[in-house]
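# Inside the fold
One letter stands for each residue in the lines below.
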Amino acid sequence: MSLPKDPFMLMSYVNTQLRDNYSSLSELAASLGVNEEEISRPLADAGFAYNAELNRFAAG
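Residues numbered from 1 in each chain as written. Predicted model: local features only at pLDDT ≥ 70, side-chain atom pairs only at ≥ 80, totals over all residues. Heavy atoms only, no water.

### Digging into the pattern of salt bridges
The final tally for this structure, using the stated rule, is two salt bridges. Taking the shortest distance from any N to any O, the salt bridge between D20 and R19 comes out at 2.8 Å. Residue R41 pairs with E37 through a salt bridge whose shortest N-O separation is 3.6 Å. Of the two residues, R41 and E37 both sit in helix α3 (residues 36-45), four residues apart, roughly one turn of that helix. With a relative accessible area of 42%, R41 lands in the partly exposed category. (Salt bridge = Lys/Arg side-chain N within 4 Å of Asp/Glu carboxyl O. Helix = DSSP H or I, 4+ residues; strand = E, 2+ residues; numbered from the N terminus. Buried < 20%, exposed > 50% of the residue type's maximum accessible area, 1.4 Å probe, protein only.)

Written out as structure tokens, the structure reads:
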């Protein structure tokens, strides 16, 4: 599966997956066969950061 290109769609998809299926960003990235940076870089460019404590991306 390819990741959504739109950062808002990507954030929605990733946060849903993190909430429902994965306990960490690294676990999600591994299951998708991508580097964590491939997820976090486009989201950071759009102003979102990963919060490991909450296991989600949020503005910040």
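Still more to cover.
### Some remarks on α3
Those residues of α3 that sit buried are I39, S40 and L43. With its buried residues spanning 80 degrees around the axis, α3 presents them on a single face. The distance from a side-chain oxygen at the start of α3 to the backbone nitrogen of E37 is 2.7 Å, and the residue carrying that oxygen is N35. (Arc of directions from axis to C-beta. Polar contact = N/O pair within 3.5 Å; in protein donor to acceptor, adjacent residues only side chain to side chain.)

### Re the nonpolar core
V14, I39, L43 and F57 are the most contacted members of the largest nonpolar core, which has 13 residues in total. Among the elements of the structure, α1 (7-20), α2 (25-32) and α3 are those that each provide at least two residues to this core. Broken down by element, the residue count for this core peaks at five residues, all from α1. (Core = buried A, V, L, I, M, F, W, Y, C linked by side-chain atoms within 4.5 Å.)

### Looking at the environment of R19
By the secondary structure assignment, R19 is in helix α1. The exposure class of R19 is exposed, given its relative accessible area of 61%. Taking C-alpha positions, R19 is 16 Å from L32, a pair spaced 13 residues apart along the chain.

### Observations concerning the packing of aromatic side chains
Summed over the entire model, instances satisfying the criterion amount to two aromatic pairs. Ring geometry for F8 against F48: centres 5.6 Å apart, planes inclined by 85 degrees, an arrangement best described as edge-to-face. One end of the pair, F8, is in helix α1; the other, F48, is in strand β1 (residues 48-51), with 40 residues separating them in the sequence. The exposed category is assigned to F8, whose relative accessible area is 53%. The interplanar angle of 50 degrees and the centroid separation of 5.2 Å between the aromatic rings of Y50 and F57 together place this pair among those described as tilted. Using a relative accessible area of 26% as the deciding quantity, one classes Y50 as partly exposed. (Phe/Tyr/Trp six-rings, centres within 6.5 Å; stacked < 30°, edge-to-face > 60°.)

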